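Descriptive analysis of the structure
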Amino acid sequence: MSENQSIFVDGEWRSAASGATREILDPADAQPFALIAEGGTQDADAAVAAARRAFDEGTWPATSVAERAALLRRVADLLVRDREKIGLLESRDAGKTVEEGRVDVDCVADAFRYFADLVVGEGGGRVVDAGSDEIHSVVVHEPVGVCSLITPWNYPLLQASWKVAPALAAGNTFVIKPSEITPLTTVVLIELLAEAGLPAGVANIVTGPGHTVGARLAEHPDVDLVSFTGGLISGTKVAQAAAADVKKIALELGGKNPNVVFADSCETEEGFDTAVDQALNAAFIHSGQVCSAGARLIVEESVRERFVAELARRAERIRLGRGTEDGVECGPLVSAQQRDKTESYVASALAEGAVLRSGGKRPEPSEVRPADGYFYEPTVLDQCHREMRVVREEVFGPVLTVETFRTEDEAVALANDTEYGLAGAVWTADAGRARRVAGRLRHGTVWINDFHPYLPQAEWGGFGKSGIGRELGPAGLAEYRETKHVYQNLAPKPVRWFAG
């Protein structure tokens, strides 16, 4: 494809119907380094029509499970082949370090392999005992149909894979719209699907804005399912648009995630070092632009001062810079808008009484931090409370707030005092306390003495305003299926219900 042909419909790369294009900026220096098509509603309609034909008239939905799984494994192998190239592209596009980009590619390959193994390992349906040898009753699963997949800017390739892999494994066709800010690795994924032999029309991509392309994909009457990952406001609009046709929806809408540290986890030097290190990881990996970021540190009062002082000291030493440079530990924010948003949250927190322990400003430019880059220092805000905006709302930047507690009940109450419920963690040396607190936390993923790892075999999603449905695991596959009960009478006879 040429540089501005990033729209893929019915097996062909094309420019936007309007001819519009968009420059993709490197967040490390705000300079354009790629040009893509800026699609619109006409492009979205063409892509949905292609996906509809491929589902209603094409071969993919009826392709055997073994063949679908084999294609997914071929895609995984191609991702491994192109790991360095894709990892570098993800770094430049999203601002993360190259090593983070490489890890993302590895995780994407794992997701494709997992869903391949999952569908192959299933039987031919669940036999239901009807209480009679004359009745054969079985529950089977079928693809939903045409899926609209709308993905965020922070983990472009990874979030795409969490939708694309199960959608294809289940036999669906789809149109995907990546974020207009970070679309490049999703375009590469579609290239790899075509190279792996996916039939034309099964996978389609339209690059363009959410308010046009995304909105059309959510409301389109020929779409059967909408899977969206992004912010709460946009997610509610997607749900409203999908409601008109009673589409299936799956929404992952972020979180405001607590990291609860009990004093007993810090009784040894090794325990203290580990808890502090993991608190940094929880809050500042990918500059805090993670839906599951541990942005709320809730630490027991007796160790608060020592813990926060060491946390702030280490936060100040995080090496910021262009993600492609050696030794850089944290890259820029994805855009000027995101940096400005982060600055506004910090300003409001300070006005509301928070105490700045580290960061709180743009860093000085250097050889690895161009002056025009969207950099912001890792920021620790102490003495925070629940009424602050920065504690209630998702910042999506390198900002960690600190709250304190004295009792276990108080810790749980603080951790659950959020409209969201995506993820959380508890740090304690007491196994009984760990189980109790984990059981009481109202979050979709709870880590005990860890933060951030996930498994493709385990469901991912949240409670409350963190969304609807789950990705990954068996439930992640189930999102892309309809369940059908087939009841067969092997010896039919008259019922004689009516005398006539």
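As a starting point, this report considers the structure included with it. (Residues numbered from 1 in each chain as written. Predicted model: local features only at pLDDT ≥ 70, side-chain atom pairs only at ≥ 80, totals over all residues. Heavy atoms only, no water.)

Along the chain, glutamine 337 turns up in helix α11 (residues 336–351). Linking glutamine 337 and tyrosine 374, residues 37 residues apart in sequence, is a C-alpha distance of 9.0 Å. (Helix = DSSP H or I, 4+ residues; strand = E, 2+ residues; numbered from the N terminus.)

The subject of this paragraph is the pairing of strand β7 (residues 146–150). Within β7, five of the five residues are buried, which leaves it mostly tucked inside the rest of the structure. Pairing between β7 and strand β8 (residues 173–177): five bridges, direction parallel. The residue of β8 that forms the bridge with leucine 149 is isoleucine 176. As for the winding sense of the linkage, the β-α-β connection from β7 through helix α5 (residues 156–169) to β8 is right-handed. Here β7 pairs with strand β10 (residues 225–229) via four bridges, running parallel. Bridge assignment links leucine 149 to a residue of β10, and that residue is serine 227. (Buried < 20%, exposed > 50% of the residue type's maximum accessible area, 1.4 Å probe, protein only. Pairing = 2+ DSSP bridges. Right-handed = clockwise from strand over helix to strand, strands pointing away.)

This part covers the sheet that holds strand β17 (residues 423–427). By definition, the strands of a sheet pair up through backbone hydrogen bonds, in either a parallel or an antiparallel sense. The sheet built from seven strands is open, its strands ordered β14-β15-β16-β13-β12-β17-β18 with mixed pairing. Strand pairing shows two members of the sheet lacking a second neighbour, β14 (355–358) and β18 (445–448), which therefore form its edges. Across this sheet, the average inter-strand angle for adjacent strands is 20°, counted without regard to direction. Examined bridge by bridge, strand β15 (residues 379–382) and strand β16 (residues 399–405) share three bridges and lie parallel to one another. In the sheet register, valine 380 faces β16, and the bridge partner there is leucine 400. Its contacts with the sheet place α11 against β14, β15 and β16, and it is angled at close to 20° to β15. (Axes fitted to C-alpha atoms, helices over the stretch in contact; angles between N-to-C directions. Contact = heavy atoms within 4.5 Å.)

Turning our eyes to something else, we now look at the nonpolar core. Phe112, Phe174, Leu193 and Phe307 are the most contacted members of the largest nonpolar core, which has 89 residues in total. Broken down by element, this core gets its largest block of residues, ten residues, from helix α4 (residues 98–120). Counting 24 residues, the second largest nonpolar core, distinct from the first, contains Ala37, Ala44, Val175 and Ala242. (Core = buried A, V, L, I, M, F, W, Y, C linked by side-chain atoms within 4.5 Å.)

This part takes up helix α9 (residues 269–284). Taking 1.5 Å per residue as the helical rise, α9 with its 16 residues ought to reach 22 Å, and the 22 Å between its terminal C-alpha atoms agrees with that figure. Listed as buried for α9 are Gly271, Phe272, Ala275, Val276, Gln278, Ala279, Leu280, Ala282, Ala283 and Phe284. At its buried positions, α9 is contacted by β12 (258–261), α10 (304–315), β15, β16 and β17. In the segment just after α9, histidine 286 is the residue with positive phi, at about 50°. (Expected span 1.5 Å × (residues − 1).)

In short, shape yes, function no, at least from these values alone.
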